[in-house]
Each structure stands twice: as structure tokens, then as C-alpha cells.
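Geometric and topological summary
So the chains spell out like this:
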Amino acid sequence: MEISVELTFSPLQDDFEEHIIQFIQKLRQSGLTILENPLSTQVYGSYEKVMEVLNQEIKIAFNLMDRGLLFMKIVKSDRSNYEPHF
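Moving on, we get to the pattern of salt bridges. Pairing of side chains with opposite charge becomes possible as their charged atoms draw close. Scanning all chains against the criterion turns up three salt bridges. Glutamate 6 serves as the salt-bridge partner of lysine 73, at 3.1 Å between the closest nitrogen and oxygen. With lysine 73 in strand E4 (residues 68-75) and glutamate 6 in strand E1 (residues 2-11), this residue pair connects regions lying 67 residues apart in the sequence. Of the residues examined, lysine 73 reaches a relative accessible area of 55% and is grouped as exposed. The salt bridge involving arginine 28 is made with glutamate 36; its shortest N-O contact spans 2.9 Å. The partly exposed category is assigned to glutamate 36, whose relative accessible area is 38%.

Okay, here's the thing in C-alpha cells:
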């Protein structure tokens, strides 16, 4: 099963940028399809692989910061090739 996940990662502390950069760099190394924009990061791939990577990297990221939050949306399909038709 293929999924698409949209992540918005928000460390709630002054040095937030370094935590976001490290998190995204680790996702890029995963071999999954990653698309980024200024507001969120999208991850695409098989359910098993995406969830395995996210479980590991979210735990690491949370352990490296004092406070933070992560919004996650999951769609059951690979939407990496989506193009608006308007």
C-alpha cells in the first residue's frame, strides 16, 4: 500500500531551525520520495517503509529538543505526481 504523508514539524524553542534542518536531512537520506515547501514536508512511499522511517526519525528529533509538536496528515495513495488542474 502506497501512502503520502504531510509533516509540519515545529520545535517550540529558540534554536528551532537546526532541529528542522536535521530532521529533513535525515528524511532525505531515507531513500523515500521527499518534497519540501516553506510550510511542510511531504513523504511518499510504501506504508511500511514510510512509517518505519518516521517512527525512527520522529523519536530521534523529539529526544534532541525540549519541546515541539508535529502535525501529520496521511493519505492512502501516492500523491507525489499531483498537479493542479485549474
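Back to the write-up after that little detour.
Within a beta sheet, neighbouring strands are joined by backbone hydrogen bonds and run either parallel or antiparallel to one another. With antiparallel pairing, the four strands of this open sheet are ordered in space as E2-E3-E1-E4. Lying at the two open borders of the sheet, with one neighbouring strand each, are strand E2 (33-36) and E4. In this sheet, neighbouring strand axes are inclined to one another by 20 degrees on average, regardless of whether the strands run parallel or antiparallel.

The next point concerns the pairing of E1. Where E1 meets strand E3 (residues 41-46), six bridges bridge the pair, whose relative direction is antiparallel. Across the sheet, glutamate 6 pairs through a bridge with glutamine 42, a residue of E3. With eight bridges joining them, E1 and E4 adopt antiparallel strand pairing. Paired with serine 10 across the two strands is leucine 69, which belongs to E4.

Our focus in this paragraph is helix H1 (residues 16-28). With 13 residues, H1 should cover 18 Å at 1.5 Å per step; its first-to-last C-alpha distance of 19 Å lies within 8% of that length. Regarding H1, the residues found buried are His19, Phe23, Ile24 and Leu27. For H1, the angular spread of buried residues about the axis comes to 125 degrees, placing them on one side. On its buried face, H1 sits against E1, E2, E3 and helix H2 (47-63).

Basis of the calculations
The residue numbering used here restarts from 1 in each chain and proceeds along that chain's sequence as written. Residues qualify for local features only when their pLDDT is at least 70, as the model is predicted, and side-chain atom pairs are given and counted only at 80 or more; totals for whole chains, interfaces and linings, by contrast, use all residues. Heavy atoms from the whole structure form the basis of all side-chain values; hydrogens and water molecules are not counted. When a carboxyl oxygen of Asp or Glu lies within 4 Å of a side-chain nitrogen of Lys or Arg, that pair is called a salt bridge. Going along the chain from the N terminus, every DSSP run of H or I of four or more residues is numbered as a helix, and every run of E of two or more is numbered as a strand. Accessible area is worked out with a 1.4 Å probe on protein chains only. A residue is then buried under 20% of its type maximum, exposed over 50%, and partly exposed in between. Think of it this way: DSSP has to see at least two bridges between two strands before they count as a pair. In this description, a line fitted to the C-alpha atoms serves as the axis of each element, helices being fitted only across the stretch in contact, and the angle between N-to-C directions of two axes falls anywhere from 0 to 180 degrees. Multiply 1.5 Å by the residue count of a helix minus one, and that product is the helix's expected span. Taking the helix axis as origin, the arc is that swept by the directions to the C-beta atoms. Whether two residues touch is decided by their heavy atoms; if any such pair falls within 4.5 Å, the residues are in contact.

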